[in-house]
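These are the residues of each chain, in order.
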Amino acid sequence: GAGVSQSPRYKVAKRGQDVALRCDPISGHVSLFWYQQALGQGPEFLTYFQNEAQLDKSGLPSDRFFAERPEGSVSTLKIQRTQQEDSAVYLCASSLKGLGAPSTDTQYFGPGTRLTVL
Amino acid sequence: AQTVTQSQPEMSVQEAETVTLSCTYDTSENNYYLFWYKQPPSRQMILVIRQEAYKQQNATENRFSVNFQKAAKSFSLKISDSQLGDTAMYFCAFEDGQNFVFGPGTRLSVLP
């Protein structure tokens, strides 16, 4: 498909379990973003990749959160020892250009992964 | 730090009427971009309209237009001839080349 895809769409984890969320950006897109969206809230920035380089991880809420994009395409967000407060929808977005390029570019969002921690 | 404020948590409008959603932001940057995104109940976020801060002319996309007031740091979205499919959460967002910040959103309901 031509859009951003994310898997799984829904994930239920027991408190303390590790989870891995996958994002397939649009082919050729340089930038990849992860956001956390709590119920009824706007997306909160987590981290940003330009190709394989993680240029900003200032939004990651704790060291239990880890993201990677080793080959500059697919990205994985990993949450270790999940807690109930981690329950949210995790959104991935990609854009053709890098942040700071002469003109910014539209971010295209995936459908999100809804994580529920019991 | 940049912040984006949407003061209307919920709004409703009759089909075919016009509605305006408000957004204000705070930044010390001079060059930046502003966006309105729509998130229908299916949750796929899609871009509605974007505005470059250096452009004085307000952006328009069919039934959607913005009123960009740079000095007031205001960026409102006007939806004309509202349709049932416009029912969604609307997020105002800001980007300055280093940060991308979303507002808390406005839930818009279009009533038949």
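Since we're looking at a predicted model, the values are computed, not measured. Sequence order as written defines residue numbering, which begins from 1 separately in each chain. Written order decides the labels, with chains lettered from A and ligands numbered from 1. Restriction of local features to residues with pLDDT of at least 70 applies here, the model being predicted, together with a cutoff of 80 or more for giving and counting side-chain atom pairs; totals for whole chains, interfaces and linings are based on all residues. Side-chain numbers come from the whole structure's heavy atoms, not from hydrogens or water.

Caption draft 1: Main features of the state of the cysteines. Note on terminology: pairs of cysteine sulfur atoms within 2.5 Å are recorded as disulfides. Summed over all chains, the structure comprises 2 disulfides over all chains. Between the sulfur atoms of Cys 23 of chain A and its disulfide mate Cys 92 of chain A the distance is 1.8 Å. Judged by the torsion about the S-S bond (-65 degrees), the Cys 23 of chain A/Cys 92 of chain A disulfide is left-handed. Taken together, the positions of Cys 23 of chain A in strand 3 (residues 19-24) and Cys 92 of chain A in strand 9 (residues 88-95) put the pair 69 residues apart, joining distant regions of the chain. The disulfide partner of Cys 23 of chain B is Cys 92 of chain B, and the gap between their sulfur atoms is 2.0 Å. Looking along the S-S bond of the Cys 23 of chain B-Cys 92 of chain B disulfide, the torsion reads about -70 degrees, which is the left-handed sense. Taken together, the positions of Cys 23 of chain B in the loop between strand 3 (19-21) and strand 4 (24-26) and Cys 92 of chain B in strand 10 (residues 88-95) put the pair 69 residues apart, joining distant regions of the chain. Each member of the pair, Cys 23 of chain B together with Cys 92 of chain B, is buried. Helix and strand definitions here come from DSSP, where helices need a minimum of 4 consecutive H or I residues and strands a minimum of 2 consecutive E residues; each element is numbered from the N-terminal end. Exposure is judged per residue with a 1.4 Å probe applied to protein chains only, and the accessible area is read against the type maximum: over 50% gives exposed, under 20% gives buried, and values in between give partly exposed.

Caption draft 2: Highlighting the pairing of strand 7 (residues 65-68) of chain A. Of the two faces of strand 7 of chain A, the one holding Phe 65 and Ala 67 of chain A is buried and the one holding Phe 66 and Glu 68 of chain A is not buried anywhere. Counting the residues that bridge the hairpin from strand 7 of chain A to strand 8 (residues 75-79) of chain A gives 6 residues, and of these Gly 72 of chain A lies at a positive phi of roughly 75 degrees. Here the rule is simple: two strands pair whenever DSSP picks up at least two bridges between them.

Caption draft 3: Region of interest: the sheet that holds strand 8 of chain A. All names here are of chain A. As summarised here, the arrangement of the 4 strands in space is 1-3-8-7, forming an open sheet in which the pairing is antiparallel. Where the open sheet ends on each side, the last strands, each with one partner, are strand 1 (5-7) and strand 7. This sheet shows a mean twist of 15 degrees between the axes of neighbouring strands, independent of strand direction. Both strand 3 and strand 8 contribute to a ladder of 5 bridges, which runs antiparallel. Bridging from a neighbouring strand, Cys 23 pairs with Ser 75 of strand 8. Fitting a line to C-alpha atoms yields each axis, with helices limited to the stretch in contact; the angle taken between N-to-C directions then spans 0 to 180 degrees.

Caption draft 4: Region of interest: unusual backbone geometry. In this structure, Pro 8 of chain A follows Ser 7 of chain A across a cis peptide bond, with omega equal to -10 degrees. When you line up the elements, Pro 8 of chain A lands in the loop between strand 1 and strand 2 (10-13). At Lys 73 of chain B, a residue that is not glycine, the phi angle is positive and equals roughly 55 degrees. As for its placement among the helices and strands, Lys 73 of chain B is situated in the loop between strand 8 (64-69) and strand 9 (74-79). Accessibility expressed as a relative area gives 26% for Lys 73 of chain B, which makes it partly exposed.

Caption draft 5: Geometry of the interface of chain B and chain A. Facing 18 residues of chain B, the contacting portion of chain A comprises 24 residues. Put simply, buried area is how much 1.4 Å-probe accessible surface two parts lose in total, over both of them, once they are put together. In total, about 1,700 Å² of surface goes out of reach between chain B and chain A, with carbon and sulfur atoms giving 50% of it. What counts as a salt bridge is simple: a side-chain nitrogen of Lys or Arg found within 4 Å of a carboxyl oxygen of Asp or Glu. Joining chain B to chain A, the criterion identifies 0 salt bridges. For this analysis, a polar contact is any N or O atom pair within 3.5 Å, provided that within protein one partner can donate a hydrogen and the other can accept it, and provided that sequence-adjacent residues contribute only side-chain to side-chain pairs. Taken together, the links from chain B to chain A amount to 3 residue pairs in polar contact (both at pLDDT 80 or more). For the side of chain B that touches chain A, the elements supplying multiple residues, two or more each, are strand 5 (33-39), strand 6 (46-52), strand 10 and strand 11 (100-102) of chain B. When residues in the side of chain B that touches chain A are grouped by element, the largest group, 4 residues, is from strand 5 of chain B. By definition, residues are in contact when any of their heavy atoms lie within 4.5 Å.

Caption draft 6: Highlighting the confidence of the model for chain B. Per residue, pLDDT measures the predictor's confidence, with a range of 0 to 100. Confidence in the prediction of chain B, expressed as mean pLDDT, is 93, and 99% of residues score 70 or more. Least confident of the elements in chain B is strand 11 of chain B, whose mean pLDDT is 89; most confident is strand 3 of chain B, at 98.

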